[in-house]
Amino acid sequence: MSTPSRHDLLTIGQLSDRSGLATSALRYYERLGLIHATRTTGNQRRYTRGMLRRVAFVRAAQRVGLSLDEAKVALDRLPEHRAPSGEEWDGVAESWQSRIDEQIAELERLKAKLTGCIGCGCLSLTRCGLYNAADRAAATGPGARYLLTRDPTTGPEAPENDFAG
């Protein structure tokens, strides 16, 4: 691999402008190993233009719900100093499919719960007799239990704790 000329390198400000990320975010990405910089004799960061692709990749990963750690795992599978081949990219994209499918399913459950909750007409999350009868949700933990858990018709309780009637 040849060393890029100084004209092919971007300052952190240029990378920030081109990527739309704050310089603090870029430094954080660098600490996490998502992007890499060389240093000038004056200790200033310089990024190859390929780092724009890596930043775009991380932002796309976040957009589909992946964590920065998951994005790093995916980036570690791709070449650092050249564009990935179609086959390399397909391997990473395929590994995201199940995650995206899970996210779609979760959004579908959330949509059903929100529709059901608003559909009862009371619009009260504290007094709702339909979704919080006898405050059963409180026993399952803090937070919006009916929005964070199982099917809205069965609630957050584990199946063995459900009671009929």
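Everything below is about the structure shown above.
Here goes a summary of the coordinates provided. No experiment lies behind these values; they were computed from the predicted model shown. (Residues numbered from 1 in each chain as written. Predicted model: local features only at pLDDT ≥ 70, side-chain atom pairs only at ≥ 80, totals over all residues. Heavy atoms only, no water.)

1. Details of the overall build of the protein
Broken down by element type, the protein carries 6 helices and 3 strands. The secondary structure elements of the protein, listed N-terminal to C-terminal, are β-α-α-β-β-α-α-α-α. Restricting to contacts in the protein with at least 6 residues of sequence separation, those with at least 24 account for 47%. Accessible surface, the protein as shown: approximately 10800 Å² in total, 54% of it carbon and sulfur. (Helix = DSSP H or I, 4+ residues; strand = E, 2+ residues; numbered from the N terminus. Contact = heavy atoms within 4.5 Å. Areas by Shrake-Rupley, 256 points an atom, 1.4 Å probe, with all protein chains shown as cover.)

2. Regarding helix H4 (residues 68-76)
Quick reminder: α-helices carry 3.6 residues per turn. Residues three or four places apart thus point the same way. Where H4 is concerned, the buried positions are Leu68, Ala71, Ala74 and Leu75. Down the axis of H4, the buried set is contained in an arc of 115°. They therefore lie on one face. Counted as exposed and oriented over 90 degrees from the buried face of H4: Asp69, Val73 and Asp76. (Buried < 20%, exposed > 50% of the residue type's maximum accessible area, 1.4 Å probe, protein only. Arc of directions from axis to C-beta.)

3. Some remarks on unusual backbone geometry
Positive phi values are uncommon outside glycine, yet Asn43 reaches one of about 65°. By relative accessible area, Asn43 is classed as exposed at 52%.

4. Re the nonpolar core
Of all hydrophobic cores here, the largest spans 23 residues; its most connected members are Leu15 and Ile35. Of all elements in the fold, only helix H1 (12-19), helix H2 (23-32), helix H3 (50-63), H4 and helix H5 (86-119) reach the threshold of two or more residues within this core. When sequence neighbours within four positions are dropped, the list of residues in contact with Leu15 reads Leu10, Gly20, Leu26, Ile35, Tyr47, Met51 and Leu52. (Core = buried A, V, L, I, M, F, W, Y, C linked by side-chain atoms within 4.5 Å.)

5. A look at the pattern of salt bridges
In total, this model carries 4 salt bridges according to the counting rule given. Of the charged contacts in the structure, one is a salt bridge between Arg109 and Glu106, with a shortest N-O distance of 2.6 Å. One end of the pair is Arg109 and the other is Glu106, both in helix H5 and 3 residues apart, which spans about a single turn. Judged by relative accessible area, Arg109 falls into the partly exposed class, the value being 36%. (Salt bridge = Lys/Arg side-chain N within 4 Å of Asp/Glu carboxyl O.)

6. Points about the side chain of Ser19
Inspection of the secondary structure assignment puts Ser19 in helix H1. Reaching out from Ser19, the side chain makes a polar contact with the backbone nitrogen of Leu21 at a distance of 3.2 Å. Once residues within four sequence positions are removed from consideration, Ser19 is found in contact with Leu26, Leu52, Val55 and Arg59. (Polar contact = N/O pair within 3.5 Å; in protein donor to acceptor, adjacent residues only side chain to side chain.)

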